[in-house]
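Each chain, written out:
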Amino acid sequence: MQTLLFNPWNDLALAANDPHYTPPASARQMASDLADLSRLWSPHGKCPSLLPWGWSPLQVRLLREAGAPAEQLPTAEQLEEYRACSSRQRAVGLLAALRKALAARTDCGMFRDRIVGESVWWTTEEEVREAHARYGESMLKAPWSGSGRGVHPAHDGVLDKKTEAWVRRTLARQGGIEAEPIYNKVQDLAMEFWVEPLMPVADGPLEQVLRRRQVRYEGLSVFATTDGGVYDGNLVASEEEKEARVAHYIPMSPLHAVRETLQELLAVEGSLASWYRGPVGIDMMIVEDSSFDSCHSLFSVHPLVELNHRMTMGWLACLLFRGEPQGCRRFRIVREAGRYRYELS
């Protein structure tokens, strides 16, 4: 059963929403070649006895057939909640709430303008065309996809025929599309959290009981992706070293405000699946804006590019450093001759 816990196709399986979905051959090969990665988190003290990379109807079927106890598997209703919370539609709403909460904070001061980022959620072709026309250069994203799949850049303010066909297919299959401006990214980063299930925090009638969850910050992830959005490695280092890398672009004070605000937003009901216990990663990016000065660049942070309601490579990088806290290393996935391995060097 240990070999079933690393399921890197999970976002694709959520899109299919079918317990008999067949992941791409490359994803199945990766899962087989890198199955031992699950040993990095399964012995971890905070992990439940059964924690796959992510949950989906497919994953539940595979684990059930392998003999997993029913009480350790989410129900059909819980899977539906988890799928909804893993959609990019949830990320759009969370980004809006985050930007609003950060604007109301008094401790961001002069750095408030260094926090950027917007996205919209549309369910019709006309709405998507209007959003792209407004942005001019936009990134269109399917509700569920992974590792560069389902992410479609669009340019010049008008959707070409190929993009319109993709929009039409995605809307028909998944029901919506996220649209956001294209930013001049200079650095990928993420904040990794561990969340507990919602618990009541007050007595009273059921409909009036407030529920919250514990949200613990686990560390910063400094990583790289290819131009196509495919994962290309993580920095494995101390928190001090990772923050120093980020501080090259932007002071840490606005990022600390982002972290505290995210912890508060993730703790409340409606942000994540109510029953879920495990890792959550919030992808961010440092972006460059040279428009204000022809000689200098201003760097800002986009505080929520993706909401990863599952295990992430960044979380693994944090675990790797805790297991062997030495220097600065790079963790990456390498593919050669159709096979996969990971390097830590």
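Further up the page is the structure itself.
Residues numbered from 1 in each chain as written. Predicted model: local features only at pLDDT ≥ 70, side-chain atom pairs only at ≥ 80, totals over all residues. Heavy atoms only, no water.

Draft legend 1. Layout of the sheet that holds strand β2 (residues 138-141). Judged by pairing direction, the sheet is antiparallel, and its four strands sit side by side in the order β1-β4-β2-β3 without closing on themselves. Bordering the open sheet on either side are β1 (120-122) and β3 (151-154), each of which pairs with just one other strand. On average, each strand axis in the sheet is tilted by 25° relative to the strand beside it, whichever way the strands run. Sheet topology places β1 next to strand β4 (residues 177-181); three bridges connect them, and they run antiparallel. Looking across to β4, one finds that W122 is bridged to I177. Packed onto the sheet, helix α6 (residues 125-135) meets β1, β2, β3 and β4 and runs at close to 150° relative to β1. (Pairing = 2+ DSSP bridges. Helix = DSSP H or I, 4+ residues; strand = E, 2+ residues; numbered from the N terminus. Axes fitted to C-alpha atoms, helices over the stretch in contact; angles between N-to-C directions. Contact = heavy atoms within 4.5 Å.)

Draft legend 2. Examining the nonpolar core more closely. Grouped together as the largest cluster of nonpolar side chains are 69 residues, with contacts concentrated most on W41, W55, V246, L255 and L262. The element best represented in this core is helix α9 (residues 252-267), accounting for eight residues. Aside from chain neighbours lying at most four places away, what touches L262 is L98, M191, F193, I282, M284, P303 and L304. Y135, L140, A154 and W166 belong to the second largest nonpolar core, which has 13 residues in total. (Core = buried A, V, L, I, M, F, W, Y, C linked by side-chain atoms within 4.5 Å. Buried < 20%, exposed > 50% of the residue type's maximum accessible area, 1.4 Å probe, protein only.)

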